[in-house]
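Close look at the chain arrangement
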Amino acid sequence: MRRTARLIPLLTAVAGSTLLTATIAHGATGTGAGGPGTGGGVTATRAVPQPVEKEAADTKAEQRTVQRYWTEAKMEAAQPLATLIPEKEGARLTSAAIAAQAAADPVSIPATTSDGEAVPATGMAAKGTAAVRASTGAPWTRGGAIAKTTGRVFFTYQGRNASCSANAVTSENRSTVITAGHCVRMGGAFHSNWVFVPGYENGNRPYGTWVATTLYTTPQWNNTEDINYDVASAVVAPLNGRSLTDVVGGQGVSFNQSRRAQMHSFGYPAAGPYDGSKLVYCAGRAFDDFLMSRDIGLNCNMTGGSSGGPWFLGFNESTGLGTLNSVNSFKYDFASGWMFGPYFGTDAQAVYEAAQTTGAP
């Protein structure tokens, strides 16, 4: 098996910033969506760099080895990946950047049931009008689809076992997970022994342990760990003859949407005061980062381990369905009550497209 990352040559350069770890905590709407069944590609006003691909456990023998590696004891002992903070001032949000984002075609791909059926709009809250119970980090106790599609991620990073969060989404291959870039690659190398455990709760794995066969991230994150592009996807192998979303369903996913919307964020924070045993959520209106990134922010106290957890537009608290539109990415060390996530533009869309078509029938 090949062990090198494959990078298709960049077509454009994007300014970014470097990072350091903190010691604290099936159809699409929109032109050129390229979603399941459309056959389209990413439409934008600039050329989009192609995602970086890394083969993971892509043989059955390797998948069995990774499965055996993750005992209950190792999962419980896994340490949360530290939250990130920008090391220096990066590319701030400007009116020109907002205009460029607005010029890209909005894309929205609906959630799907475990039977592969698209969820009608009546099953999801109207975008931007969802009734929000404000939360800055409460346990999620209402069940619904979110309790199946969101899960913990476990991997080996620089010789130690660590954890993040992720979410299963609608995809052609029915096997795609979206998370943060630093949850697949950090410090110059991709993580190993990468698995996704949907519906994790108090050590239980009700829907199994899904081993990654391929990992994808943006070239901006791969090359310079630019916090504005801290996005990744994983393709997971079938388990017991079934694909991931055939078991847990898939949340919707969208790109190039309006900023400052009402959003819900989910994750499995594992650094104090949390312990990684429960799904936690934050909810409120997103705001633009005015400091050192082009990201969007949310009032949220979640800590390390929640990285990669999904942010949703139009989340319906009754059904647990929404449209994934960012992920937990970083915090400033002087503002622990703010969580930031990357804007899901054409670069994030390219990562999703690369993953969701890998191995698709």
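A short tour of the structure in this document, coming up. (Residues numbered from 1 in each chain as written. Predicted model: local features only at pLDDT ≥ 70, side-chain atom pairs only at ≥ 80, totals over all residues. Heavy atoms only, no water.)

1. Topic: the overall build of the protein chain
Convention followed: Each helix is a run of DSSP H or I of at least 4 residues and each strand a run of E of at least 2, with the numbering of both proceeding from the N terminus. Exposure categories follow from relative accessible area, calculated using a 1.4 Å probe and restricted to protein chains: below 20% of the type maximum is buried, above 50% is exposed, and the middle band is partly exposed. Accessible surface area values rest on a Shrake-Rupley calculation with a 1.4 Å probe, where residue burial reflects the displayed protein chains alone.
The helix and strand tally for the protein chain stands at seven helices and 24 strands. Within the protein chain, buried positions represent 59% of all 361 residues. Surface accessibility of the protein chain: about 13,400 Å² in total, with carbon and sulfur atoms responsible for 52%.

2. Side note on the sheet that holds strand 17 (residues 262–267)
Adjacent strands of a sheet form backbone hydrogen bonds with each other and so pair up, either parallel or antiparallel. For the record, the criterion: Two strands form a pair only when DSSP identifies at least two bridges running between them. For helices, the fitted axis covers only the stretch in contact; all axes are lines through C-alpha atoms, and the angles between them, taken along N-to-C directions, range from 0 to 180 degrees.
Read across the open sheet, the seven strands follow the order 6-16-22-21-17-18-7; overall the sheet is mixed. At either margin of the open sheet sits one strand with a lone partner, and together these are strand 6 (107–109) and strand 7 (135–139). Across the sheet, the mean angle separating the axes of adjacent strands is 30° when strand polarity is ignored. The pairing of strand 17 with strand 18 (residues 280–285) spans six bridges and is classified as antiparallel.

3. Observations regarding helix 1 (residues 60–69)
For the record, the criterion: Of all possible arcs, the one meant is that of the directions from the helix axis to the C-beta atoms. Two residues qualify as a contact provided that any one of their heavy atoms is within 4.5 Å of a heavy atom in the partner residue.
Along helix 1, the positions that sit buried rather than exposed are Glu62, Gln63 and Val66. Seen along its axis, helix 1 keeps its buried residues to an arc of 100°; they face one direction. Along helix 1, the residues that are exposed and aim more than 90 degrees away from the buried face are Lys60 and Arg68. On its buried face, helix 1 sits against strand 13 (192–198) and strand 14 (210–217).

4. A few points about the packing of aromatic side chains
Basically, it comes down to this: Two rings belonging to Phe, Tyr or Trp (six-membered ring only in the last case) form a pair when the distance between their centres is within 6.5 Å. Interplanar angles under 30 degrees mark stacking, angles over 60 mark edge-to-face geometry, and anything in between is tilted. We call a charge positioned above a ring when the Lys NZ or Arg CZ atom is no farther than 6 Å from the ring centre and deviates by at most 35 degrees from the ring normal.
Scanning all chains against the criterion turns up 21 aromatic pairs. Judged by centre distance (5.9 Å) and plane angle (55°), the rings of Phe154 and Tyr200 are tilted. Of the two residues, Phe154 is situated in strand 8 (residues 150–157) and Tyr200 in the loop between strand 13 and strand 14; the sequence distance between them amounts to 46 residues. Using a relative accessible area of 4% as the deciding quantity, one classes Tyr200 as buried. What links up through ring pairs into an aromatic cluster is the set Phe287, Phe290, Phe330, Tyr332, Phe334, Trp338 and Phe340. Against the face of Tyr69 rests Lys74, its NZ or CZ located 3.6 Å from the ring centre. Taking the ring centre of Tyr200 as reference, the NZ or CZ of Arg152 above it sits at 5.0 Å.

5. Thoughts on the pairing of strand 17
As a general feature of sheets, a regular strand has side chains that alternate between the two faces. Taken across its six residues, strand 17 has six buried, putting it largely inside the fold. Residues of strand 17 alternate between two faces, with Gln262, His264 and Phe266 on one and Met263, Ser265 and Gly267 on the opposite face, all of them buried.

6. A short note on the state of the cysteines
Here a disulfide denotes one covalent bond, and it connects the sulfur atoms of two cysteines. To be explicit about the condition: By convention in this document, the label disulfide applies to cysteine sulfur atom pairs within 2.5 Å.
One pass over the structure, following the stated rule, counts two disulfides. Covalent S-S linkage joins Cys164 and Cys183, the inter-sulfur distance amounting to 2.2 Å. Looking along the S-S bond of the Cys164-Cys183 disulfide, the torsion reads about -80°, which is the left-handed sense. Linking Cys164 in strand 9 (residues 160–168) with Cys183 in the loop between strand 10 (176–179) and strand 11 (185–186), this pair joins segments that are 19 residues apart in sequence. As far as the burial class goes, Cys164 and Cys183 line up, both buried. Two residues share a disulfide in this structure: Cys282 and Cys300, whose sulfurs sit 2.1 Å from each other. One quick way to see it: the torsion about the S-S bond of Cys282 and Cys300 is about 65°, and its sign makes the bridge right-handed. Here Cys282 is found in strand 18, whereas its partner Cys300 is found in the loop between strand 20 (296–299) and strand 21 (310–316), with 18 residues between them in sequence.

No statement about biological role is implied by the geometric values presented.
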